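The primary structure of each chain is shown beneath.
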Amino acid sequence: MNRIALFVPLMVFAILSLFLLKGLDRDPTELPSALVGEPFPSFILPSLANDQELLSERDLDSQVVLVNVWATWCFACRIEHPMLNQLAAEGIAIIGLNYKDQDQQAIQWLKQKGNPYLFNIVDAQGSLGFDLGVTGAPETYLVDAQGIIRYRRVGVVDQRVWDDEMSSLYQQLVGEME
Amino acid sequence: MIAELGHFALIIALGMALLQSLVPMIGSFKGYSSWMRLGRSLSMGQLFFVAISFGCLAIAFLNDDFSLKYVSQHSNTALPDHYKISAVWAAHEGSLLLWALILAGWTVAVALFSRSLPLVLTARILSVLGAISVGFALFLLLTSNPFERLLPMVPMEGADLNPLLQDIGLIIHPPMLYMGYVGFAVPFAFAIAALIGGQFDSAWARWSRPWINLAWVFLTIGITLGSWWAYYELGWGGWWFWDPVENASLMPWLVGTALIHSVSATEKRGVFRSWTLLLAIFAFSLSLLGTFLVRSGILTSVHAFASDPERGVFMLMFLAIVIGGSLMLFALRGPAMRKVAAYSGWSREVMLLINNVILVSSMTMILIGTLYPLVADVLELGKISVGPPYFNFFFVPLTVGLVIALGIAVFTQWKSTDSSLILSKIPVPLLLAIVSAGILPVYLATDFSYSITAGLTVFMTAWLIATIAADLRDKIGIDLKRVAKLSHSYLGMQLAHTGLAICVLGVGLSSAYDQTRELRMAPGDNAMIAGYEFNFSGVNPVDGPNFTAFQAQITVTKNNQLVANLFPEKRHYNAGGQVMTEAAIDPSLTRDIYVSLGEPLANGAWALSLQVKPFVRCIWLGAVMVAIGGLLAATDRRYRRRKKSQANNKVAP
């Protein structure tokens, strides 16, 4: 009996290794593309600027937008924020999805760091985030004028990601619209 | 030319490591004492060549040799020389070379300081360390060669070192951390050698104890420096983020802490032998696993190093051989888990067992939290992330349990303790702790409110310090001169435990009373936080060697008395174009005033983050005390008495 017990750590490690091996093939920042090509999930949630105002998926329609999932508790969002400011300054429409956050802190954050967002959807319970399959903040979705999700980025959008992966798709979608 | 020399030296070091892994091991089975003795010289040769290799890379950095890919990616002509040196370990390839160098260094240390050990044991220990070196040298040469050239297109200028890493904390943090990670290779090698030879008695435990302590001390310092660096360099006042990479360093630390405690029981009482061996294997395995998790890009982390599946596959194979092999050896040769010495309910053995259960549970829950996103992904349960709430939910109660048990453990004795004795000692410290927890938070709060977090924190700290003080009083009375008579390991233990109390105090009180305001301030504006008045006089441009910056001046006063002039900066690094926030801190033991400069706003105003963080410094002060305690214990006289330790060898199982 005792001798068998000595094998337990080895078994645990063997199982763990299998997961690590499987995990190697997966890029954690890669999109699980379930929602790409699908319409943006429907929602009715308050606006950050005015909690009396309710927003829905229809507010995303008729233009190409980036939907950026962010929160004040999210460390990487701090790194990403200047890039969003820059994109907004270039005239790109960004909509914020303030994810599991506190309104006052989020408003304070935008005051302090600048506000790149056209408006912010308050997803305090994470219900929209759940429908979107948000894994954590930051995450950014590229949604076309018909409200279809065309691209998903898990993690920070920086200059490189924008140039390599998003910029041309964005231009193409804007072109499709016209 | 220098780079080729470095590359060549690394290949020779690999050859040396290969010999070192084979020759002494074969010698130990055949009984060739000359083969066994060769381990010592081979380890020195290996260190020599790895050091040359490392030196060559450092020289390439100092000479701005941008024909080396690694140098061009992580340095720049404008970078100050000391950062050029630290840039050597700023990324994957150089970090691994530093790993290899430190491993070779530990191996030589073992070779030099193990003369009192039986030759067979030393030979096997050095062999195991040599085998690990082979793994790392191969990893370097096959997948992560820092000497790779960019020819013929040599860049004129390098991409510069990530500005976050241009900091004194980052010069010493990685080497300290690696000293800890790699240091656990030594107890690991001790454990493997013991399993091969079938000898794991109290003498074995005594030989390995100073090594365990030393590795653990370095890891403690490394983690502390990392946390301190995050606090003042990231610019927003946090000091621990439950990031996968932080978790990767905390897991071996927790297991190492458990190991320190269980090996003491193994040495003193001969109990928990298989458990101690297993912990020694675990501590190093978790160090390797941490390296794997960070380097393979299998998890997302703010420490994001470039991920590379090829490296991941190599690391995983290496893990499978080292961890799988050692656990297999453990399963086949491990000592049967039977009680060799009896102990009763209120004994120190039981308290150490509780300590181990709590520490290993903490490690397990961190491991689960860190790997759960990966496991869920593999099982197609979707991508999920585990955040600080999960970790705090488990870690806080486990720590409370640990602290309470520690206070009781102080009064227990080996084998068994009269429960009435313990019960008679507990009331005074308990009363002190309850009274302090009732009064102090009221005194500390600025608004006459009572914070439960602060109350619990004060209770834990007071309980620990009171029990330690009571035990000291039992040992030496009130004559402080007699402290010198106490053994180093006893003093080290008490110092480390006091450090834990101080650290807990810092963590608890800084979370309970932290006051943060993020404000828009125009020059001349004032703000009041926690009784301090902050006056913002404006922002001036300043220049550094490789950056330009805006520097704000903020005058902090309390009751019209000047407290500090603070100069937070917003830096723009020329080479990479990154913008960094350099916080300004006025530190003191009871509170830090922390100011960081945000974005410029309209009309000459700036966004500022003003924070008052009570007792936050105690976190690192406590951690440093823990490290010093560990170091003190490692220097205990009994580890240096050679003759006596040899005489004790006869207490074989």
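What you see as residue numbers is a count from 1 along each chain, following the sequence as written. Lettering of chains starts at A and numbering of ligands starts at 1, both following the order in which they are written. In keeping with the predicted nature of the model, local features appear solely for residues at pLDDT of at least 70, side-chain atom pairs appear and are counted solely at 80 or more, and the whole-chain, interface and lining totals rest on all residues. With hydrogens and water stripped out, all remaining heavy atoms of the structure feed into the side-chain values.

We now examine the overall build of chain B. Each helix and strand in chain B was counted, giving 20 helices and ten strands. Here the C-alpha atoms of chain B give a radius of gyration of 27 Å, agreeing with the 26 Å that 2.2 N^0.38 yields for 653 residues. Seen along its three principal axes, the alpha-carbon backbone of chain B occupies a region of about 85 × 80 × 55 Å. The long-range fraction of contacts in chain B, counting pairs at least 24 apart against all pairs at least 6 apart in sequence, stands at 72%. Summed over all atoms, the accessible surface of chain B reaches about 26100 Å², with 66% contributed by carbon and sulfur. Per the convention used, a helix needs a DSSP run of H or I reaching at least four residues, while a strand needs a run of E reaching at least two, with both numbered from the N terminus. Atoms counted for the radius of gyration: C-alpha only. Globule rule: 2.2 Å times the number of residues to the power 0.38. Should any heavy atoms of two residues lie within 4.5 Å, those residues are counted as being in contact. For the accessible areas, the method is Shrake-Rupley and the probe is 1.4 Å, while residue cover comes only from the protein chains on display.

In this section: the pattern of salt bridges. Whenever Lys or Arg places a side-chain nitrogen within 4 Å of a carboxyl oxygen from Asp or Glu, that contact is recorded as a salt bridge. Counted under the stated rule, the structure contains 19 salt bridges over all chains. In this structure, Asp164 of chain A engages Arg160 of chain A in a salt bridge whose closest nitrogen and oxygen atoms are separated by 3.9 Å. Of this pair, Asp164 of chain A and Arg160 of chain A both sit in helix 6 (residues 159–177), four residues apart, which is roughly one turn of the helix. Taking the shortest distance from any N to any O, the salt bridge between Arg571 of chain B and Glu582 of chain B comes out at 3.8 Å. Residue Arg571 of chain B is found in strand 6 (residues 569–573), and its partner Glu582 of chain B is found in strand 7 (residues 579–582); the two are separated by eleven residues along the sequence. In terms of burial, Arg571 of chain B and Glu582 of chain B fall into one category: buried. Only protein chains enter the accessibility calculation, which uses a 1.4 Å probe; a residue whose area is less than 20% of its type maximum is buried, one above 50% is exposed, and one in between is partly exposed.

Moving on: the sheet that holds strand 1 (residues 515–521) of chain B. All names here are of chain B. When DSSP locates at least two bridges between a pair of strands, those strands are taken to pair. Here we have four strands laid out as an open sheet, ordered 1-10-9-8, and antiparallel in their pairing. Edge positions in the sheet fall to strand 1 and strand 8 (584–586), since each of these pairs with one other strand and no more. Sheet twist, expressed as the average angle between the axes of neighbouring strands with direction ignored, equals 15°. To get an axis, a line is fitted to the C-alpha atoms, and for a helix only the part in contact is used. The angle between two axes follows their N-to-C directions and goes from 0 to 180 degrees.

Residue and element names in this part refer to chain B. Tracing the sequence through the fold places Ile12 in helix 1 (residues 2–30). Looking at Ile12, the relative accessible area reads 26%, which means it is partly exposed. Placed 38 residues apart in sequence, Ile12 and Val50 show a C-alpha to C-alpha distance of 8.5 Å.

Residue and element names in this part refer to chain B. Any Phe, Tyr or Trp ring, taking Trp's six-membered ring, that has another such ring centre within 6.5 Å forms a pair; planes under 30 degrees apart are called stacked, those over 60 apart edge-to-face, and the others tilted. According to the stated counting rule, one finds 28 aromatic pairs over all chains in the structure shown. Measuring from centroid to centroid gives 6.5 Å for Trp99 and Tyr181, while their planes differ by 25°, and the two rings are stacked. You can see Trp99 sitting in helix 5 (residues 92–113) and its partner Tyr181 sitting in helix 7 (residues 168–183), a full 82 residues away along the chain. Here Trp99 matches Tyr181 in class, with each residue buried. Connected via pairs of aromatic rings, a cluster forms that spans Trp240, Trp242, Tyr390, Phe391, Phe393, Phe394 and Phe395. Charge-over-ring contacts are defined here by two conditions on Lys NZ or Arg CZ: a distance within 6 Å of the ring centre and an angle within 35 degrees of the ring normal. Above the plane of the ring of Trp414 lies Arg348, whose end atom (NZ or CZ) is 5.9 Å from the centre.

Our focus in this paragraph is the confidence of the model for chain B. Caution applies to low-pLDDT parts of the model: their predicted coordinates are not meant to be read in detail. What pLDDT expresses is the predictor's confidence in each residue, scored from 0 to 100. In the predicted model, chain B carries a mean pLDDT of 87, and 93% of its residues have values of at least 70. Low confidence marks residues 643–653 of chain B, where pLDDT is under 50. Its contacts with residues over four positions away, or in another chain, come to twelve contacts.

Moving on, we come to a nonpolar patch on the surface. Residue and element names in this part refer to chain B. Patch definition: residues above 30% relative accessible area lacking any salt bridge, with like charges linked at up to 9 Å and the nonpolar side chains Val, Leu, Ile, Met, Phe, Trp and Tyr linked at up to 5 Å. Together, Leu18, Leu22, Ile26, Tyr32 and Trp35 make up a nonpolar patch on the protein surface, roughly 450 Å² of accessible area in all. The biggest single contributor to the nonpolar patch is helix 1, with three residues. Mapped onto the elements, Leu18 comes out in helix 1. What makes Leu18 partly exposed here is its relative accessible area of 42%.

Attention shifts here to the nonpolar core. Within the largest apolar cluster, 150 residues are counted, with the highest numbers of intra-cluster contacts made by Leu20 of chain A together with Ile125, Ile132, Phe284, Phe292 and Leu319 of chain B. A per-element tally of this core places helix 9 (residues 202–233) of chain B first, with 15 residues. Here Phe284 of chain B is in contact with Trp99, Ile132, Tyr181, Phe184, Ala185, Phe188 and Val322 of chain B, once residues within four sequence places are set aside. Put simply, a nonpolar core is a bunch of buried Ala, Val, Leu, Ile, Met, Phe, Trp, Tyr and Cys residues held in one set by side-chain atoms that sit within 4.5 Å of each other. Counting residues in each nonpolar core, the second largest holds 48 residues, with Leu60, Ile95, Leu142 and Leu169 of chain A among its members.

Residues and elements named next belong to chain A. Strand order in this open sheet of five strands is 5-4-3-6-7, and the pairing throughout is mixed. Only two strands of the sheet have a single partner each, and these edge strands are strand 5 (120–123) and strand 7 (149–154). Each neighbouring strand pair of the sheet contributes to a mean axis angle of 20°, computed without reference to strand direction. Examined bridge by bridge, strand 4 (residues 94–99) and strand 5 share four bridges and lie parallel to one another. Across the sheet, the residue bridging to Asn98 is Val122, located in strand 5. Across the sheet, helix 4 (residues 103–113) lies against strand 3 (65–70), strand 4 and strand 5, angled at about 120° from strand 3, the strand it touches most. The strands that helix 6 touches are strand 3, strand 6 (139–143) and strand 7; relative to strand 7, the one it contacts most, it runs at about 165°.

A few words on unusual backbone geometry. Despite not being glycine, Phe272 of chain B has its phi angle at roughly 55°, a positive value. Looking at Phe272 of chain B, the relative accessible area reads 14%, which means it is buried.

A word on the pairing of strand 4 of chain A. All names here are of chain A. Within strand 4, six of the six residues are buried, leaving the element largely enclosed by the surrounding structure. Of the two faces of strand 4, the one carrying Ile94, Gly96 and Asn98 and the one carrying Ile95, Leu97 and Tyr99 are both buried. As paired elements, strand 3 and strand 4 share five bridges and run parallel to each other. Across the sheet, the residue bridging to Asn68 is Gly96, located in strand 4. Handedness rule for crossovers: strands pointing away from the viewer, path from the first strand over the helix to the second running clockwise, crossover right-handed. As for the winding sense of the linkage, the β-α-β connection from strand 3 through helix 3 (residues 75–89) to strand 4 is right-handed. In this fold, the crossover linking strand 4 to strand 5 by way of helix 4 has right-handed handedness.

On to the side chain of Ser133 of chain B. Residue and element names in this part refer to chain B. Following the sequence through the fold, Ser133 ends up in helix 6 (residues 119–143). For Ser133, the side chain forms a polar contact with the side chain of Gln46, separated by 2.9 Å. When near neighbours in sequence (up to four residues on either side) are disregarded, Ser133 contacts Ala17, Gln46 and Leu103. Contacts described as polar in this section are N or O atom pairs within 3.5 Å, which, within protein, must combine one atom able to donate a hydrogen with one able to accept it, while residues neighboring in sequence count only if both atoms come from side chains.

Here the focus is helix 8 (residues 185–197) of chain B. Residues and elements named next belong to chain B. To estimate the expected span of a helix, subtract one from its residue number and multiply by 1.5 Å. The end-to-end C-alpha distance of helix 8 is 18 Å, a good match for the 18 Å that 13 residues give at a rise of 1.5 Å each. With twelve of 13 residues buried, helix 8 is to be regarded as a mostly interior element. Listed in full, the buried residues belonging to helix 8 are Ala185, Val186, Pro187, Phe188, Ala189, Phe190, Ala191, Ile192, Ala193, Ala194, Leu195 and Ile196. Just downstream of helix 8, Gly198 is the residue with a positive phi angle, here 75°.

Within the fold, Gln561 of chain B resides in strand 5 (residues 561–566). Distance from Gln561 of chain B to Met317 of chain B, taken between C-alpha atoms, is 63 Å for residues 244 residues apart in sequence.

When two helices pack together, their arrangement is given by the angle between the helix axes and the distance between those axes. All names here are of chain B. Across the interface, helix 2 (residues 33–62) lies against helix 5 with an axial gap of 9 Å and an inter-helix angle of 150°. Our classification of the angle between helix 2 and helix 5 gives roughly antiparallel. Viewed along their axes, helix 2 and helix 5 form a crossing whose handedness is left-handed. For the pair helix 2 and helix 5, the contacting residues are Arg40, Ser43, Met44, Gln46, Leu47, Val50, Ala51, Ser53, Phe54 and Leu57 in the first and Gly94, Leu97, Leu98, Ala100, Leu101, Ala104, Gly105, Thr107, Val108, Ala111 and Leu112 in the second. Amino acids are sorted into nonpolar (Ala, Val, Leu, Ile, Met, Phe, Trp, Tyr, Cys and Pro), charged (Asp, Glu, Lys and Arg) and polar (every other residue, Gly among them). Residues belonging to the contact of helix 2 with helix 5 are distributed by class as follows: 14 nonpolar, six polar and one charged. By the definition adopted for this analysis, an angle is roughly parallel if under 35 degrees, roughly antiparallel if over 145, roughly perpendicular if from 65 to 115, and oblique otherwise. Left-handed describes a crossing in which the near helix is turned anticlockwise from the far one by less than a right angle; the clockwise case is right-handed.

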